[in-house]
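A closer look at the structure
These are the residues of each chain, in order.
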Amino acid sequence: MRRYLRFVPPALLLAVVLELAVFVGVGRAIGYGSAVLLAFAASLLGMVLLRREGMRAWRGFQASVQSRQPPGRQVTDGLVGLLGALLLAVPGLLSGAVGLLLLVPPVRRLARAGVQRATERRVSSMVAGDLFGPRTVRVRRGDPQPPTAAHEPVVLDGGRAIEGEIVEPRQG
């Protein structure tokens, strides 16, 4: 994690430069006064949505805990919504556009799936199972011989899918 922190200052500088370039471009196209009002309106909308998305995330988390369901999907959906609202609240046209995109349901689902995949790669299978529930995998019965090509899957039981859970052996 520490090795990525060195990229934060250049990334922030790049974000500021991009925001200024977009603002100048929009200002030239529609006028600078209108661009300022647009950025102000987007920030105001973002502040209103921050509260709504925060409450929505909290209610989703509570509902999943009360129903004894893994809270991961609700938490990641809430985090994506909060990030979208936060980016909308930050003064800037580019960050506002990205924040608004994150609030659109199809884009939000894609972002949530990406966050879930990234989380599953970084934590153990047990923790991922506790967060997101057991993963559904396809297992097929058939010839126990290894596949001839490295990318060919082993087909078991005529291709009939069986639901299961991936469990890593405990190390230790």
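Right, let's walk through the structure included here. (Residues numbered from 1 in each chain as written. Predicted model: local features only at pLDDT ≥ 70, side-chain atom pairs only at ≥ 80, totals over all residues. Heavy atoms only, no water.)

**What to know about the overall build of the chain**
In terms of regular secondary structure, the chain is built from seven helices and zero strands. Seen in sequence order, the chain has helices and strands lined up from the N terminus as α-α-α-α-α-α-α. Classification of the 172 residues of the chain by burial places 22% in the buried group. Partitioning the contacts of the chain with sequence separation of at least 6, the portion at a separation of at least 24 is 53%. Total accessible area computed for the chain in this model is approximately 12,700 Å², and 65% of it derives from carbon and sulfur atoms. (Helix = DSSP H or I, 4+ residues; strand = E, 2+ residues; numbered from the N terminus. Buried < 20%, exposed > 50% of the residue type's maximum accessible area, 1.4 Å probe, protein only. Contact = heavy atoms within 4.5 Å. Areas by Shrake-Rupley, 256 points an atom, 1.4 Å probe, with all protein chains shown as cover.)

**Section: a nonpolar patch on the surface**
Where nonpolar side chains cluster on the molecular surface, the patch consists of Trp58, Phe61, Val65, Val75 and Leu79 and spans about 440 Å² of accessible area. If you list the elements that add at least two residues to the nonpolar patch, you get helix 3 (32–66) and helix 4 (72–89). Among the elements that make up the nonpolar patch, the one with the highest residue count is helix 3 (three residues). Along the chain, Val65 turns up in helix 3. For Val65, a relative accessible area of 44% puts it in the partly exposed group. (Patch = residues over 30% accessible without salt bridge, like charges linked within 9 Å, V, L, I, M, F, W, Y side chains within 5 Å. Salt bridge = Lys/Arg side-chain N within 4 Å of Asp/Glu carboxyl O.)

**A few points about unusual backbone geometry**
Positive phi values are uncommon outside glycine, yet Arg68 reaches one of about 60 degrees. Positionally, Arg68 belongs in the loop between helix 3 and helix 4.

**Overview of the pattern of salt bridges**
Under the counting rule described, the total for this entry stands at six salt bridges. In this structure, Glu53 engages Arg52 in a salt bridge whose closest nitrogen and oxygen atoms are separated by 2.8 Å. Taking relative accessible area as the criterion, Glu53 reaches 1% and is therefore assigned buried. With a closest N to O distance of 3.5 Å, Asp77 and Arg112 form a salt bridge. Placement of Asp77 in helix 4 and of Arg112 in helix 6 (residues 105–122) is noted, with a sequence separation of 35 residues between them. Several salt bridges share partner residues, and in doing so they unite Arg52, Glu53, Arg56, Asp77, Arg108 and Arg112 into one network.

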